[in-house]
Structure formats: structure tokens, C-alpha cells
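Per-entry structural report
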Amino acid sequence: MSELQFTFVANACGIFTGRAGTRLLCDPWLLDGVFDGSWCHYPPLHTTVDDVRDVDLVFLSHIHPDHFDERCFDFDPATPILVLDHGPNFLPRRLEALGYHNLVKVRDGETIDWKELRLTLFAPFAKHAFHEAEVGNLIDSALLVECGGVRALNANDNTPTVESARRLAIEHGPIDLAMLNYNAAGPYPSCFDNLGEDDKAAEHARILDQNVRHLVAVGEVLQPRFLLPFAGAYVLGGDQHHKNRYLGTTTWDRCAAALRTHDLGATEVVLLREGDTLDVATGAADRPYRPLDEAEMAAYIDEHLATRRYPYQLDAVPDAALLAADLATAATAMQARWRRFGLRSSWSVVIELFGRQYQVHPEPVDLGPLDRFEVAGLVAPAPSLHCRLDERLLRRILDRRSHWNNAEIGAHIDFVRAPNRYEPDLHSGLQFLHL
């Protein structure tokens with residue numbers, strides 16, 4: 001038995017196994033249809049919840065459903081669950097509400113011993129990796145696993161900055177395996193209708209290049225023996241499947257190919273498919289890697305995923321007057337929540353609702369029918385963000401059966417913004433739009 005092994009499942013899910021057999025499961029998302037139905041696995045996944053139930057400890061990095069999928073999070077309540085004890089603690093509170101009280105809470109930078117494993121958790125390394133933000137990231141965490149002197153950093157969505165990588169190398173190095181996110185999961189540029197097709201394609205390419213260059217910069221400082229492109233692997237199904245071509249994402253094969261065009265020094269890029277097990281000390285997998293077939297991926301999306309129905313599409317159409325009134329109430333409540341978290345934005349935010357436009361920030365205002373304005377979607381003085389989504393989904397968001405951030409990441413909301421500038425705190429603030 002090697003000192004430390006990692007068996008990959010999908011996205012950010014996998015199992016670390018220590019030299020004495022202790023099994024640590026990370027971020028189980030196993031069923032298609034998270035983020036209000038749109039996120040799906042490719043390659044199609046065969047692992048089930050029953051296949052990963054026999055573990056000693058479950059690590060949940062944060063509350064997003066591709067890391068904590070409540071639909072199939074069906075473990076014995078006595079199962080220990082490792083979580084970060086930091087900030088608003090949305091995840092621990094939700095787990096306890098679901099009846100999971102055996103939480104192993106670890107503070108930022110704290111190290112604990114769990115059988116033969118040494119485990120260190122880290123709070124968000126930055127408010128945002130690429131943009132200025134006053135509040136920014138509130139939920140992500142990263143995990144360092146050590147066994148017998150062999151170390152693996154599972155950063156998942158908590159992308160290190162160059163400075164945080166320098167601290168990690170000094171305080172926790174050397175790192176044998178760095179599992180680093182290579183994708184920008186979210187609505188941009190695929191959901192932004194102020195961009196034409198060529199602009200979306202150009203922004204897609206720019207974002208991918210930005211992510212790869214950041215990985216290279218982090219790798220130069222962290223100097224892991226092995227680098228695994230990790231987390232953020234998904235495709236869209238259902239009515240939003242046409243947006244796949246303009247997501248800020250790519251396959252791990254393409255990421256690896258791009259990384260290998262750079263000088264990575266002694267770092268070796270490794271790739272894994274479902275069920276492959278990596279010896280973290282040597283970088284050797286238990287079977288040869290099988291490259292993805294992008295033609296097969298496109299066919300699978302068109303033939304199997306495109307016809308998926310989203311849960312909200314099965315709902316009845318909500319009452320327009322009640323929805324408008326509740327939206328105004330939720331917008332007022334959102335302002336109070338912004339003040340509590342120190343959020344501010346000079347942007348106007350407008351939501352389209354049954355052919356009318358309702359401003360929700362800086363204050364709730366009925367702006368009237370769409371045809372009142374010469375330029376559709378640009379109804380408020382710049383800077384402004386115009387949002388369009390299915391009214392049935394908005395009803396769910398206001399009632400807390402869905403969440404704005406999940407709908408946004410799931411590509412269910414279309415935007416027009418002027419100017420085309422990302423404001424992290426504005427999008428963070430919209431997560432608080434609910435009754």
C-alpha cells in the first residue's frame with residue numbers, strides 16, 4: 001500500500017486513501033441536474049452513492065451543489081463530515097438543519113490528525129482571483145491531505161493566488177500533488193446578450209487563456225511534483241445546452257495540452273478518468289489514461305442531455321401580480337442584507353417579468369413595459385445590469401426553493417450589461433434576493 005492514493009470520480013469528487021486504509025471522500029456530486037437541472041457529467045458517470053458510502057470521513061468544501069448535492073447526500077447521520085469553520089458558515093448550518101451533527105469543524109489554517117491522515121483546511125485565498133471585490137468569495141475552502149510525508153492539495157474552487165501559493169509552499173511544502181481548478185464556471189460569456197457571437201467566442205478564448213496562465217504562475221511558485229486539472233468539469237443539458245460552446249470552461253484534456261506548452265519545470269501534468277487511482281507519491285496511475293472524444297461528447301449532449309427538463313419547467317406559471325409584489329418585497333429585504341455584509345454597488349439592476357421591467361437595485365421600481373424603451377435591456381442609466389429568467393424559476397428563488405447564484409451558475413439567467421464590466425460584489429449581492 002502506498003502512503004497516499006487518490007481515486008478520481010468526477011468534477012471535484014474523489015477518494016483519498018491513506019496507507020492504513022482510511023478513506024476520505026471529497027465533494028460528492030454524482031447525479032446529473034444540479035444548478036436547477038442544467039449541469040451534467042461528461043463522460044457520463046457510473047459511480048453511485050452506494051459506491052462511495054463506505055468511507056471514514058466526508059469532506060465538503062462548500063455549499064454549491066456540484067460539491068454538496070442535497071438530492072443524493074444520503075449518508076448515515078453518524079458519518080463524520082469535515083467542514084471549514086469560517087465566515088457565514090452557510091454549509092455547517094445547512095448540514096445541521098438536515099440532521100448531520102457529527103461535523104468536524106476546522107478553522108482556517110488549522111491542522112488536525114484523523115487516523116493516519118493530517119488534514120489542513122484553508123479559507124478563501126482571495127476575494128476574487130482576477131477582479132477587485134470588497135466582499136467577494138465567502139464560501140470556498142481548500143484541503144491539504146498528508147500521509148507519511150506525502151502531501152496533496154485539493155484546492156477545488158478555492159483557486160490560490162500567487163501570494164497564497166508562496167505561503168503554502170513555505171509553510172506546507174513540498175507539495176506532491178496540486179489539484180487546481182482550471183475552469184471559470186458561471187454565466188459569462190455564454191449568458192450575456194450584450195455580446196455578439198464573435199465577441200462570446202473571443203471572451204471564451206480569453207478566459208481559458210487567463211485560467212491556464214494563472215495555473216502556470218501558481219505552479220511556478222508552488223512547484224508540485226504533479227498537477228491535476230481538477231473541479232469545474234461539466235456540460236449543460238436541457239434548454240441551455242446551446243450555451244456550452246461559449247462557457248468559460250474547457251475539457252481537462254485541452255487544459256493539459258495548453259499547460260504543456262508552457263515551461264512547468266519539474267512539474268508533471270497528470271489526468272484521470274472515473275475510477276482511475278493515482279499514487280500521489282509517484283504520480284503513477286493504476287491504468288493508462290483514455291483521452292476524451294469531443295465528437296462523442298457533442299453527440300451525447302445532443303442525443304441524451306438536450307431534451308432534459310428542468311424542475312421549475314414542471315411548475316405552474318405563477319400569478320403575475322403576486323410575483324411582482326413579492327419581488328419588490330425581496331428587493332427591499334436584499335438591501336438590508338447588503339448592509340449587513342457591507343455590500344455596495346453603483347449599478348442599477350433590472351429584472352424582466354411578464355413583459356415588464358422591475359428595478360431591484362438601488363431600490364424597487366416598476367419601470368413599465370419593455371416597449372417603453374428604445375434599447376431593450378438598457379433601461380436604467382449606465383452602469384446597468386438587465387436580467388431575464390423564467391418566471392417559474394424566479395418564483396422558486398423568491399420562495400427559497402432555488403437560489404439566484406445557482407440559477408446564474410446554471411446558465412438559467414440571461415443578462416445585458418452596460419458597460420461590459422464584471423462587478424463581483426454586485427453578483428454576490430444578488431444572491432440575497434429572496435423573501
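Residues numbered from 1 in each chain as written. Predicted model: local features only at pLDDT ≥ 70, side-chain atom pairs only at ≥ 80, totals over all residues. Heavy atoms only, no water.

1. Points about the overall build of the chain
Using the following cut-off: Strands here mean DSSP runs of E at least two residues long; helices mean DSSP runs of H or I at least four residues long; both are numbered from the N terminus. Between the two quantities, the radius of gyration covers C-alpha atoms and the globule rule is 2.2 Å times the number of residues to the power 0.38. Burial classification: accessible surface area is computed with a 1.4 Å probe over protein chains only, and a residue below 20% of its type maximum counts as buried, one above 50% as exposed, and the rest as partly exposed. In this analysis, two residues are considered to be in contact whenever any of their non-hydrogen atoms come within 4.5 Å of each other. Each accessible area is a Shrake-Rupley estimate made with a 1.4 Å probe; only the visible protein chains count as cover when residues are assessed. Only four residue types enter the charge count: Lys and Arg as positive, Asp and Glu as negative, with His and the chain ends excluded. Where a charge lies is defined by one atom per residue type, namely NZ (Lys), CZ (Arg), CG (Asp) and CD (Glu).
Of regular secondary structure, the chain possesses 10 helices and 21 strands. Here the C-alpha atoms of the chain give a radius of gyration of 22 Å, agreeing with the 22 Å that 2.2 N^0.38 yields for 435 residues. On the principal axes, the C-alpha backbone points of the chain span a range of 70 × 45 × 40 Å. For the chain, buried positions account for 58% of its 435 residues. Counting only contacts in the chain whose residues sit at least 6 apart along the sequence, the fraction spanning at least 24 positions is 69%. Accessible surface, the chain as shown: approximately 17,900 Å² in total, 49% of it carbon and sulfur. Side-chain charges in the chain split into 41 positive and 62 negative, and the spacing between the mean points of these groups amounts to 4 Å.

2. Considering empty space enclosed by the protein
Convention followed: Residues are said to line a cavity or pocket when one of their atoms sits within 4 Å of a point; the points come from a 1 Å grid over protein atoms alone, cavities being sets where a 1.4 Å probe fits but cannot get out and pockets being open sets with protein on both sides within 12 Å along at least five of seven lines. Grid points are joined across faces, edges and corners, and a volume is the space filled by probe spheres set on the points. For this scheme, ten residues count as nonpolar: Ala, Val, Leu, Ile, Met, Phe, Trp, Tyr, Cys and Pro. Four count as charged, namely Asp, Glu, Lys and Arg, and the remainder, Gly too, count as polar.
Taken as a whole and judged by the stated rule, the model has three cavities of 30 Å³ or more. Empty space within the largest cavity amounts to approximately 140 Å³. As for the largest cavity, its lining consists of 15 residues, of which L84, H86, N89, L91 and I139 are closest to the centre. For the lining of the largest cavity, the element with the most residues is helix α2 (residues 90-97), which contributes three residues. Its residues assigned to classes, the lining of the largest cavity shows nine nonpolar, five polar and one charged. Here the second largest cavity defines a volume of roughly 40 Å³. Residue lining of the second largest cavity: F8, L228, P229, F230, W252, L271 and L272, and that is the complete set. Split by residue class, the lining of the second largest cavity holds seven nonpolar, no polar and no charged.

3. Observations regarding the pattern of salt bridges
A side chain with one charge may pair with a side chain of the opposite charge, provided their charged atoms come close. Put simply, the test is: Put simply, a salt bridge is a Lys or Arg side-chain nitrogen that is within 4 Å of an Asp or Glu carboxyl oxygen.
For the structure shown, the criterion picks out 28 salt bridges. Across the pair R395 and D326 runs a salt bridge, and its minimum N-O distance is 2.8 Å. Of the two residues, R395 is situated in helix α8 (residues 391-398) and D326 in helix α7 (residues 320-341); the sequence distance between them amounts to 69 residues. In this pair, the class of R395 matches that of D326, namely buried. Where D390 meets R392, a salt bridge forms, and the shortest distance between an N and an O atom there is 2.8 Å. Linked through salt bridges whose partners overlap, the residues forming this network are D193, K200, K243, R388 and D414.

4. Examining the layout of surface pockets
There is about 500 Å³ of room inside the second largest pocket. Listed by contribution, the elements that provide at least two residues to the lining of the second largest pocket are α4 (197-222), α5 (252-259) and α6 (294-305). With five residues, α6 is the largest single contributor of residues to the lining of the second largest pocket. Class assignment for the residues of the lining of the second largest pocket results in 12 nonpolar, nine polar and four charged.

5. Comments concerning the sheet that holds strand β18 (residues 356-361)
Rules: When DSSP finds at least two bridges between two strands, those strands are taken to pair. Every axis corresponds to a line fitted to the C-alpha atoms, with the helix fit spanning only the stretch in contact, and the corresponding angles, defined between N-to-C directions, vary from 0 to 180 degrees.
As summarised here, the arrangement of the five strands in space is β19-β18-β17-β20-β21, forming an open sheet in which the pairing is mixed. The open sheet has two edge strands with one neighbour each: β19 (365-369) and β21 (414-418). Neighbouring strand axes in the sheet, compared pairwise and without regard to direction, differ in orientation by 20° on average. Docked against the sheet, α7 engages β17 (348-353) and β18, running at close to 20° with respect to β18.

6. Quick word on the sheet that holds strand β13 (residues 226-229)
Reading across from one edge, β8-β9-β10-β11-β12-β13-β15 is the order of the seven strands in this open sheet, with mixed pairing throughout. Either end of the sheet is taken by a strand with one partner, and the two such strands are β8 (111-114) and β15 (268-269). Judged from the four bridges that link them, strand β11 (residues 150-156) and strand β12 (residues 177-180) form a sheet pairing that is parallel. Directly across from N156, in β12, lies its bridge partner L180. Of the strands in this sheet, β9 (117-122), β10 (142-147) and β11 are in contact with helix α3 (residues 162-172), which crosses β9 at around 155°.

7. Some details on the side chain of T120
Our working definition: Any N or O atom pair separated by 3.5 Å or less is treated as a polar contact, with the protein-specific requirement of one donor-capable and one acceptor-capable atom, and with residues adjacent in sequence counted only for side-chain atom pairs.
By the element assignment, T120 lies in strand β9. Here T111 takes part through its side chain, which lies 2.7 Å from a polar atom of the side chain of T120. Excluding residues within four positions of it along the chain, T120 makes contact with G109, E110, T111, A142, L143, L144 and H172.

8. Details of the pairing of β18
Looking along a regular strand, one sees the side chains alternate between the two faces of the sheet. For β18, the tally of buried residues reaches five of six residues, placing the bulk of the element in the interior. In the sheet, β17 pairs with β18 via five bridges, with the strands oriented antiparallel. Bridging from a neighbouring strand, V350 pairs with Q359 of β18. In terms of strand pairing, β18 meets β19 through four bridges, oriented antiparallel. If you follow Q359 over to β19, its bridge partner there is V365.

9. Some thoughts on the confidence of the model for the chain
Threshold: What pLDDT conveys is the predictor's confidence in a given residue, as a value from 0 to 100.
On average, residues of the chain score 93 in pLDDT, and 95% of them are at 70 or above. Low pLDDT, under 50, characterises residues 372-378; the predicted model gives this stretch 10 contacts beyond four residues in sequence or across chains.

10. Side note on the packing of aromatic side chains
Quick reminder of the rule: Working definition: a ring pair exists when centres of Phe, Tyr or Trp rings (six-membered ring for Trp) sit within 6.5 Å. Plane angles under 30 degrees give stacked, over 60 give edge-to-face, the rest tilted.
Counted under the stated rule, the structure contains 16 aromatic pairs. Aromatic pair F8 and W252: ring centres 5.7 Å apart, planes at 85°, arrangement edge-to-face. In this pair, F8 is assigned in strand β1 (residues 4-10) and W252 in helix α5, connecting sequence segments 244 residues apart. The exposure classification of F8 matches that of W252, with both residues buried. Their ring planes at 75° and their centres at 5.2 Å tell us that F73 and Y100 sit as a pair that is edge-to-face. Linking F73 in the loop between β5 (57-59) and β6 (81-84) with Y100 in the loop between α2 and β7 (103-106), this pair joins segments that are 27 residues apart in sequence. Each member of the pair, F73 as well as Y100, is classed as buried. Pairwise contacts between aromatic rings join F6, F8, F16, F230 and W252 into one cluster.

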